[in-house]
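The primary structure of each chain is shown beneath.
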Amino acid sequence: MAVELALTRRGLLRASAAIGLGVLPGGGRTVTATGPAAVATGPILKPLPPELFTVFGTNAETKWEALRGQGYHTPIDRFFVRNHTATPTIDASTWRLKLFGSGLLGSPTSDRAIEFSYADLLALPSHEISAFIECAGNGRSFYTSQQGQSVSGTAWKLGAVGVARWRGVRLSTVLRRAGLSSTAVDVMPSGLDDHFVSGGTDLGPVRRPLPIAKALKDTLLAYEMNGEALPPDHGFPVRLVVPSWIGIASIKWVGDIEVSDRPLASPWNTQFYRLFGPDQPAEGSPPLTRQVVKSAFELPWPASLTVGRTHELTGRSWSGNGRVRQVEVSVDGGATWHRARPHGGTTRTGWLRWRFPWRPTGPGSYELLVRATDEHGITQPDTAAYNTLGYLFGAVVRHPVVVA
Ligand SMILES: Nc1nc2c(c(=O)[nH]1)N[C@H]1C(S)=C(S)[C@@H](COP(=O)(O)O)O[C@H]1N2
Ligand SMILES: [Mo]
């Protein structure tokens, strides 16, 4: 209880700090609907030192070697950021979460929405989970470098993923307090960041429908990350955390949530975040939901290791289907596989850390391979199913290493 109160107070202090930022001179950008935003110095506010991140425009990828020696959770200073536009600075004292739509009792319209303040949410029963957030496009560059296929989108390696401890209110709690109707089928959270403009078309705020079953199952409205108030880049004051699902489901800077008694649509479940291409259904796959099984070494890309000694290779594996059960490493291009040694446990929605001692036989160029199998017996394949937008690259990645 004491801890709870302390964290709440810290959250409010953070909120005050954000209010302070809101009055810095030079404000130009405004956040639609709920309040003013300060000018961002760049699309991402936190420092992005080159030893921790690779920057791609409005996005920053975690360098895997920066996770070596870190604990189970990805520290905030090295958690990847995926912004369609730019991190807004939101004033938590005037911010309101607004719920409306035909899936709520009385079908309130957006101008008569049910409102929750930041303090209202902090006062509701809180819940904490460990969960990864991973971009659907994580690993996208390997479609090209390993499979010779052309794809569009950010050329991530494997660093568009992180695991954090998220605390907040269950979305189910807020939906029920708002008067959830038994006829609701979809909810659609909408971000307060700038509208996303693609090919000259304003696609509106970043938003994506979420089926009511997933919304009620384990989705969180998070206001803390790793015990701190949610940082601006990760969705302050409140974001969704949709465990095991592709990152776009976890809408940041939530302003409103439409609750509907009929299926909802947005560009993020129609033109993006579905599989398109010759091997896919003509109209495209259904909207993507869960992530696939993946593994990564905590090594630079490429890595350099010294000859004549044993190196402790380390890494992490995760799956959108549940716990990772087994991890295997190959140092001979996939001819033979050896069990890696797990340490530290895992959860259904997090990852598993592992180690593998390796003594290179001599100097030269190597490719290190790692593959995981999850609790459903699903193992990473040798190739990933091609799709033009480069989503869900779950194949074994060949990590280049020079031994000298
Ligand atoms: N409002 C809003 N929510 C968003 C996004 C965004 O650009 N705007 N990006 C989404 C995508 S594509 C991903 S992968 C995750 C990234 O979360 P992170 O930046 O906290 O790592 O946020 C999602 N939520
Ligand atoms: Mo993403």
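Everything quoted here is computed from the prediction, not taken from an experiment. (Residues numbered from 1 in each chain as written. Chains lettered and ligands numbered in written order. Predicted model: local features only at pLDDT ≥ 70, side-chain atom pairs only at ≥ 80, totals over all residues. Heavy atoms only, no water.)

1. Some points on the site of ligand 1
Put simply, the rule reads: Near, as used in this document, describes a residue that has one of its heavy atoms within 4 Å of the molecule or strand being considered. Under the rule applied, a polar contact is a pair of N or O atoms within 3.5 Å (in protein, one hydrogen donor and one hydrogen acceptor; residues adjacent in sequence only if both atoms are side-chain atoms). Accessible surface is estimated by sampling points in the Shrake-Rupley manner with a 1.4 Å probe; for residues, cover comes only from the protein chains shown. A 1.4 Å probe that fits but cannot get out identifies a cavity on a 1 Å grid over protein atoms alone, an open set with protein on both sides within 12 Å along at least five of seven lines counts as a pocket, and a residue lines either if it has an atom within 4 Å of a point. Whether a molecule sits in a cavity or pocket is decided by its atoms, more than half of which must lie within 2 Å of the grid points. Throughout this entry, Asp, Glu, Lys and Arg are counted as charged residues, while Ala, Val, Leu, Ile, Met, Phe, Trp, Tyr, Cys and Pro are counted as nonpolar. The remaining residues, Gly among them, count as polar.
Around ligand 1, a shell composed of 20 residues is seen, among which F80, D193, H234, R239 and K252 lie nearest. S250 places a polar main-chain atom, nitrogen or oxygen, 3.1 Å from a nitrogen atom of ligand 1. A total of 530 Å² of accessible area belongs to ligand 1 in isolation, and the protein chains cover 100% of it. For ligand 1, the cavity whose grid points lie within 2 Å of the majority of its atoms is the largest cavity. Taken together, the residues that form the shell around ligand 1 break down as 10 nonpolar, six polar and four charged.

2. Remarks on the pattern of salt bridges
Spelled out, the test is: Salt bridges are defined as contacts in which a side-chain nitrogen from Lys or Arg sits within 4 Å of a carboxyl oxygen from Asp or Glu. Where helices and strands are cited, they refer to DSSP runs of H or I of at least four residues and of E of at least two residues respectively, numbered from the N terminus.
Overall, the coordinates contain 12 salt bridges when judged by the stated rule. Residue E128 pairs with R165 through a salt bridge whose shortest N-O separation is 3.0 Å. You can see E128 sitting in strand β7 (residues 127–134) and its partner R165 sitting in strand β8 (residues 161–170), a full 37 residues away along the chain. One network of salt bridges, in which partners are shared, links E128, R165 and R167.

3. Quick notes on empty space enclosed by the protein
To keep things clear, this is the line we draw: Grid points are joined across faces, edges and corners, and a volume is the space filled by probe spheres set on the points.
A complete count under the given rule lists four cavities of 30 Å³ or more for this structure. Estimates place the volume of the largest cavity at around 270 Å³. Around the largest cavity sit 21 residues that line it, and R82, R239, G247, S250 and K252 are the ones nearest its centre. In terms of residue class, the lining of the largest cavity is made up of 10 nonpolar, six polar and five charged.

4. Let's talk about the pairing of strand β9 (residues 186–191)
For clarity, the threshold we go by: Only protein chains enter the accessibility calculation, which uses a 1.4 Å probe; a residue whose area is less than 20% of its type maximum is buried, one above 50% is exposed, and one in between is partly exposed. Strands were regarded as paired on the criterion that DSSP finds at least two bridges between them.
Burial analysis of β9 places six of its six residues in the buried class, which makes it a mostly covered element. Alternating residues of β9 divide into D186, M188 and S190 and V187, P189 and G191, and every residue in both groups is buried. Pairing analysis gives two bridges linking β9 to strand β12 (residues 210–211), with the strands arranged antiparallel. Considered in β12, the bridge of V187 is made with L210. For β9 and strand β16 (residues 254–260), the ladder comprises six bridges, and the chain directions are antiparallel. Note that in β16 the partner of V187 across the bridge is V259.

5. Digging into the side chain of T373
Note the threshold: The criterion used for residue contact is that any of the two residues' heavy atoms lie within 4.5 Å.
The residue T373 is located in strand β24 (residues 364–374) in this model. Overall, the relative accessible area of 12% leaves T373 in the buried class. Sequence-distant contacts of T373, that is, excluding residues within four places in its chain, are made with V324, R325, Q326, I378 and T379.

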